[in-house]
Amino acid sequence: MVVARPYGVTADGHAVTEYTLENARGMQVKCLDWGGRITSIRVPDRNGRLVDVVLGFDTLAEYEADTQSLGAFVGRYANRIERAVFSLDGVEHHLQVNNGPNHNHGPWGSRPMQADWAVGGDRLILRYHSPAGEDDMPGTVDAQVQYILEEDNTLTIRYHAVTDAATPINLTNHSYFNLAGSGDVLNHTLRLWAKNFTRADENSCPFGTIDPVAGTPMDFTAEKPMGWDIDADYDQLVWGKGYDHNWCVDGEAGTLRPAAAAYSPETGIAMDCLTTQPGVQFYTANWLPEGLPGKGGRPMFPRAGFCLETQHYPCSPNRPQFPSAILRPGEEYNETTLYRFRTR
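A brief report on the enclosed structure follows. (Residues numbered from 1 in each chain as written. Predicted model: local features only at pLDDT ≥ 70, side-chain atom pairs only at ≥ 80, totals over all residues. Heavy atoms only, no water.)

1. Some thoughts on the environment of F197
Then, number 1: Tracing the sequence through the fold places F197 in strand 18 (residues 196–197).
Then, number 2: Setting aside residues no more than four positions away along its own chain, F197 makes contact with T209, I210, D211, P212, V213, M218, Y234, Q236, N246, W247 and C248. (Helix = DSSP H or I, 4+ residues; strand = E, 2+ residues; numbered from the N terminus. Contact = heavy atoms within 4.5 Å.)

2. Digging into the pattern of salt bridges
In a structure, side chains of opposite charge can pair up when their charged atoms sit close to one another.
Then, number 1: Evaluation of the coordinates by the stated rule reveals 18 salt bridges.
Then, number 2: Of the charged contacts in the structure, one is a salt bridge between D45 and R49, with a shortest N-O distance of 3.3 Å.
Then, number 3: Of the charged contacts, one joins D250 and K195 as a salt bridge, the two residues approaching to 3.2 Å between their closest N and O atoms. One end of the pair, D250, is in the loop between strand 21 (244–248) and strand 22 (257–263); the other, K195, is in the loop between strand 17 (189–192) and strand 18, with 55 residues separating them in the sequence.
Then, number 4: With a relative accessible area of 22%, D250 lands in the partly exposed category.
Then, number 5: Among the charged side chains, a network of salt bridges with common partners joins R199, D211 and D235. (Salt bridge = Lys/Arg side-chain N within 4 Å of Asp/Glu carboxyl O. Buried < 20%, exposed > 50% of the residue type's maximum accessible area, 1.4 Å probe, protein only.)

3. A closer look at the pairing of strand 17
Then, number 1: Note that strand 17 and strand 20 (residues 224–225) share two bridges and pair antiparallel. For T189, the partnering residue across the bridge sits in strand 20 and is P225.
Then, number 2: In this sheet, strand 22 lies alongside strand 17 in antiparallel orientation, the contact comprising four bridges. Bridge pairing links L192 to A260 in strand 22. (Pairing = 2+ DSSP bridges.)

4. Considerations on the nonpolar core
Then, number 1: The biggest cluster of nonpolar side chains holds 60 residues, and the ones touching the most others in it are I41, Y147, W247, F306, L308 and F341.
Then, number 2: Of the residues forming this core, the biggest block, five residues, is contributed by strand 13 (residues 141–149).
Then, number 3: The next biggest cluster of nonpolar side chains, apart from the first, holds 16 residues, and it includes V16, F57, Y63 and C307. (Core = buried A, V, L, I, M, F, W, Y, C linked by side-chain atoms within 4.5 Å.)

5. Here we look at the sheet that holds strand 25 (residues 307–311)
Then, number 1: With respect to topology, five strands assemble into an open sheet ordered 19-18-21-24-25, the strand pairing being antiparallel. The open sheet is flanked by strand 19 (211–212) and strand 25, the only strands paired with a single partner.
Then, number 2: Alignment of strand 18 against strand 21, held across two bridges, turns out to be antiparallel. What sits directly across from N196, in strand 21, is C248.

6. Describing the side chain of R303
Then, number 1: Secondary-structure assignment places R303 in the loop between strand 24 (279–283) and strand 25.
Then, number 2: At 3.0 Å, the side chain of R303 and the side chain of D231 are in polar contact.
Then, number 3: Residues within four places of R303 in sequence aside, it is in contact with D184, V185, L186, I230, D231, K241, G242, T284, A285 and N286. (Polar contact = N/O pair within 3.5 Å; in protein donor to acceptor, adjacent residues only side chain to side chain.)

7. A closer look at the sheet that holds strand 5 (residues 50–52)
Sheets are built from strands paired through backbone hydrogen bonds, the pairs being either parallel or antiparallel.
Then, number 1: With respect to topology, five strands assemble into an open sheet ordered 1-2-3-4-5, the strand pairing being antiparallel. Of all the strands in the sheet, the pair left with one neighbour each is strand 1 (2–9) and strand 5. For this sheet, the mean angle separating the axes of adjacent strands, direction not counted, is 20°.
Then, number 2: For strand 1 and strand 2 (residues 15–22), the ladder comprises seven bridges, and the chain directions are antiparallel. Paired with V3 across the two strands is T20, which belongs to strand 2. (Axes fitted to C-alpha atoms, helices over the stretch in contact; angles between N-to-C directions.)

8. Re the pairing of strand 4 (residues 38–44)
Then, number 1: By the criterion of burial, strand 4 is predominantly enclosed, with five of the seven residues buried.
Then, number 2: Sheet topology places strand 3 (residues 28–32) next to strand 4; four bridges connect them, and they run antiparallel. Of the residues in strand 4, the one forming a bridge with Q28 is R42.
Then, number 3: Connecting strand 3 to the antiparallel partner strand 4 that follows it, the hairpin turn spans five residues, and G35 within it adopts a positive phi of roughly 70°.
Then, number 4: As paired elements, strand 4 and strand 5 share three bridges and run antiparallel to each other. The partner of V43 across the bridge, within strand 5, is V51.
Then, number 5: Where strand 4 folds back on strand 5, the antiparallel hairpin that results is connected by five residues, among which G48 adopts a positive phi of roughly 85°.

9. Overview of unusual backbone geometry
Then, number 1: Following G75, the chain continues to R76 via a peptide bond in cis, the omega torsion being 10°.
Then, number 2: Mapped onto the elements, R76 comes out in the loop between strand 6 (72–74) and strand 7 (77–81).
Then, number 3: Phi angles above zero are rare outside glycine, and A84 is one such case at about 55°.
Then, number 4: Tracing the backbone through its elements, the reader meets A84 in the loop between strand 7 and strand 8 (85–88).
Then, number 5: Look at A84 and you get buried, because its relative accessible area is 1%.

10. Notes on the environment of W193
Then, number 1: Within the fold, W193 resides in the loop between strand 17 and strand 18.
Then, number 2: Here W193 falls in the partly exposed class, since its relative accessible area comes to 25%.
Then, number 3: Taking the C-alpha atoms as reference points, W193 and G251, separated by 58 residues in sequence, lie 8.8 Å from one another.
Then, number 4: The residues touching W193, leaving out its near neighbours within four places in the chain, are C248, V249, D250, P258, A259, A260 and A261.

Printed below as a string of structure tokens:
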């Protein structure tokens, strides 16, 4: 079922509503119609106790001040575009520089959205109209994200977009997971269905090569703790202060297939991630500010969560060898990601 309640009013006067999705097994997902933010996911642990497995804040004002995209629906282009510039059909487009020398993520996670829902339903649909020139991007885009809570404790996220002019599109969710509910995530285990990754420079922009993970600390083809190699003397981890990289998901992009599986030995909560997207960014919250107050005033810190951002590869508009992230008039952008929760 879906229940709505007032959540607050933004500094510029937008009334925000929080929507709670709950299934018959007691799993709850809470979302805002501001930035599509997922504020809470409560799932049962091995003893049946509900655990909130995402980081977040208690108030709308804190979400407005957030610079880390906690729980956000990210667009128009998730992840980085190198030097905040790209060429499309012979025209050079200059974007806002907001991440070192690069453009990163875009503003949708801080925009009011139109909600469509039904009492007793199983989904929340959020629609967003992005005018041409927003974030200095070409083309007017109409996008939507659906949050669907399944009875098997799966949160399904479906993305859709159309445009009136060619433009980059790369949509994702930026939830920070902690399957123990508190502490760091270094003892969480992870498996990635990815034999290759996109090696990146010191500004987290891929060089453009597809590199094998075998023999490197980037190899999660067999389950291992997230903290096992995180401090290795390896340029990718030194530059990123930990994991913040794109893995190339095995199998055919466009088909729903396994991307990742994470597990907390403390609570027994496991999370499977399946996606149609070509890549997944595994990020260990290396840049989360130390002491940032979270829910209940409990401070957050680097490595207090992890992200599995399903996506097209970073910098794709400048890397023609990567799967194209350009959407053109008459085409539809449709991608699906599942986060399925269970215990073991």
